[in-house]
Amino acid sequence: MTTKADAALAYASWGWHVLPVLPNAKTPATRHGVNDATTDPEQIKRWWQENPDYNVGIAAGAVSGLIVCDIDPRNGGNDGWRDWLDANGDHDDDGPCQLTAGGGQHWLFAYVDGVRSCKLEQGVDLLSDGRYFLAFPSEINGNTYEWEASSDPFDGVAPATLKTRWLNAMQAQRKSVVPSANGNLIQGNRN
């Protein structure tokens, strides 16, 4: 059985920056959260020696070379993902897919500069710079995160390449900052 510390060290060896997350939670266990993510094996060992039950977080974005489509069925993600695929075409299914503790999915893609975190559809978030996700073997309420068997990065499956059509659609999702009638700035969504 792979321990959380072993998995964190493996992810770090691939260049994925990891951070400890509180047991049975999605809250970072460090003061600066995702900004504390590292590939330093000594720091990672210290964290999981401190608490072997920490969940494993992975920083998305340029630091790890990852962009993640996070599908949350509790918030309409199954329908949202179908809508996204209908509008933008299917992906090649050749990258890692993780089954989440909440019954959703994480699809991992190679990072592309300029792609920012945003909401793609209802229940579907795009995670990039400044965001993180939980990874195998993290656990929430007795449910674990698992890599889908045919797309397990532990078997050498690399993040997929985003298709041009997807890139264009993702970049179109970015909210612009525009002044309101009173001169204050109106921001896009919180991501």
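Anyway, here's the lowdown on the structure attached to this text.

This part is about helix α1 (residues 4–13). For α1, the set of buried residues is Lys 4, Ala 7, Ala 8, Ala 10, Tyr 11 and Ala 12. At its buried positions, α1 is contacted by β1 (18–21), α2 (41–50), β2 (55–59), β8 (132–135), β9 (139–140) and β11 (146–147). Gly 15 sits one or two positions beyond α1 and adopts a positive phi of about 90°.

The next point concerns the nonpolar core. Judged by nonpolar contacts, the single largest core of 21 residues is most densely connected at Tyr 11, Ile 58 and Phe 133. Every element with two or more residues in this core is listed here: α1, α2, β2, β3 (66–71) and β8. Top element by residues in this core is α1. It accounts for 4 residues. Residues in contact with Tyr 11, not counting those within four places in the same chain, are Trp 16, Val 18, Val 56, Ile 58, Ala 135, Phe 136, Trp 147 and Phe 154. If you look at the next biggest cluster of nonpolar residues, it comprises 19 residues, including Ile 71, Trp 81, Trp 107 and Ala 160.

Okay, the sheet that holds strand β5 (residues 105–110) next. Here 6 strands make up an open sheet; going across it, the order is β6-β7-β3-β5-β4-β11 and the pairing antiparallel. Of all strands in the sheet, those with a lone pairing partner are β6 (118–121) and β11, marking the two edges. Bridge analysis of strand β4 (residues 97–99) against β11 gives 2 bridges, and the strand direction is antiparallel. In the sheet register, Gln 98 faces β11, and the bridge partner there is Trp 147.

So, on to the packing of aromatic side chains. Applying the stated rule across the entire model yields 11 aromatic pairs. For the pair Tyr 11 and Trp 16, a centre-to-centre distance of 5.6 Å together with 15° between the ring planes defines the contact as stacked. Seen from their ring centres, Phe 109 and Trp 166 are 5.5 Å apart, and the 55° between their planes marks the pair as tilted. Residue Phe 109 is located in strand β5, and its partner Trp 166 is located in helix α4 (residues 164–172); the two are separated by 57 residues in the primary sequence. Three or more aromatic residues joined by ring pairs make a cluster, and in this case those are Tyr 11, Trp 14, Trp 16, Phe 136 and Phe 154.

We now examine the sheet that holds β1. Sheet architecture is open: 3 strands sit in the order β1-β2-β8, paired in antiparallel fashion. For this open sheet the edge positions go to β1 and β8, each flanked by a neighbour on one side alone. Between one strand axis and the next, the sheet turns by 40° as a mean value, whatever way the strands run. Relative to β2, β1 is paired through 4 bridges, and the arrangement is antiparallel. Bridging across to β2, Pro 20 finds its partner in Val 56. Those strands touched by α1 are β1, β2 and β8, and its axis lies near 15° from that of β2. Sheet strands in contact with α2 are β1 and β2, and its direction is about 10° off that of β1.

So, how was this worked out
- Residues numbered from 1 in each chain as written.
- Predicted model: local features only at pLDDT ≥ 70, side-chain atom pairs only at ≥ 80, totals over all residues.
- Heavy atoms only, no water.
- Buried < 20%, exposed > 50% of the residue type's maximum accessible area, 1.4 Å probe, protein only.
- Helix = DSSP H or I, 4+ residues; strand = E, 2+ residues; numbered from the N terminus.
- Contact = heavy atoms within 4.5 Å.
- Core = buried A, V, L, I, M, F, W, Y, C linked by side-chain atoms within 4.5 Å.
- Pairing = 2+ DSSP bridges.
- Phe/Tyr/Trp six-rings, centres within 6.5 Å; stacked < 30°, edge-to-face > 60°.
- Axes fitted to C-alpha atoms, helices over the stretch in contact; angles between N-to-C directions.

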